[in-house]
Amino acid sequence: MLRDPLILALLVAAALTGGTGDLSDASVISAYVASKWGLRGLTKAAALELAPDGTRVCSVHPGAVRTGMTADFDDSFTAAQPLPRFGEPEEVARMVLFMAADATYSTGTEFILDGGVTAGPPTTLRPDH
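Below, the structure is looked at part by part.

Reading the values: the criteria
- Residues numbered from 1 in each chain as written.
- Predicted model: local features only at pLDDT ≥ 70, side-chain atom pairs only at ≥ 80, totals over all residues.
- Heavy atoms only, no water.
- Phe/Tyr/Trp six-rings, centres within 6.5 Å; stacked < 30°, edge-to-face > 60°.
- Buried < 20%, exposed > 50% of the residue type's maximum accessible area, 1.4 Å probe, protein only.
- Helix = DSSP H or I, 4+ residues; strand = E, 2+ residues; numbered from the N terminus.
- Lys NZ or Arg CZ within 6 Å of the ring centre and 35° of its normal.
- Patch = residues over 30% accessible without salt bridge, like charges linked within 9 Å, V, L, I, M, F, W, Y side chains within 5 Å.
- Areas by Shrake-Rupley, 256 points an atom, 1.4 Å probe, with all protein chains shown as cover.
- Salt bridge = Lys/Arg side-chain N within 4 Å of Asp/Glu carboxyl O.

### Quick look at the packing of aromatic side chains
Under the criterion given, the structure shown has three aromatic pairs. When the ring of Phe-73 is compared with that of Phe-77, the centres are 4.5 Å apart and the planes differ by 80°; the resulting orientation is edge-to-face. You can call Phe-73 partly exposed: its relative accessible area is 35%. When its relative accessible area of 47% is taken as the criterion, Phe-77 is described as partly exposed. Relative to Phe-111, the ring of Phe-98 has its centre 6.2 Å away and its plane inclined at 80°; by these criteria the two rings are edge-to-face. Of this pair, Phe-98 sits in helix α3 (residues 89–101) while Phe-111 is found in strand β3 (residues 109–113), placing the two residues 13 residues apart along the sequence. Under the relative-accessibility criterion, Phe-98 is labelled partly exposed at 37%. A network of ring pairs unites the aromatic residues Phe-73, Phe-77 and Phe-86 as a single cluster. In this structure, Arg-66 is placed above the aromatic ring of Phe-86, and the distance from its NZ or CZ to the ring centre is 3.6 Å.

This is the structure we're talking about:
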């Protein structure tokens, strides 16, 4: 159940690349990266501006998700990340649902779904492995 207004800021890479999501062209990489950082700042600024009205602003930052944008990538693309697989669109949808329905004390928050990539490279911390 929605308890208060929520604005979701979602980055859509396809909008930057003519709808194909093709980031293989180096000329779009800077625009893609700049837009992701811009989204982070916009999320926080809008959260501060809109909080007095009871509006929450959060953003979703997915990593490698199995979509048309990643259709040509094989499993080696995610092999080195802590959770060595592609995410599924349904997992992103479940995070958005959590943000809208349950994360009612969150605003200005970045929800990252990247298989642990931003945590760093996988390491073995237990001596039995």
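And the narrative resumes.
### Considerations on a nonpolar patch on the surface
Taken together, the side chains of Ile-29, Val-33 and Trp-37 make up a nonpolar region of the molecular surface, amounting to roughly 300 Å² of accessible area. Mapping Ile-29 onto the fold places it in helix α2 (residues 29–50). The exposure class assigned to Ile-29 is partly exposed, which follows from its relative accessible area of 35%.

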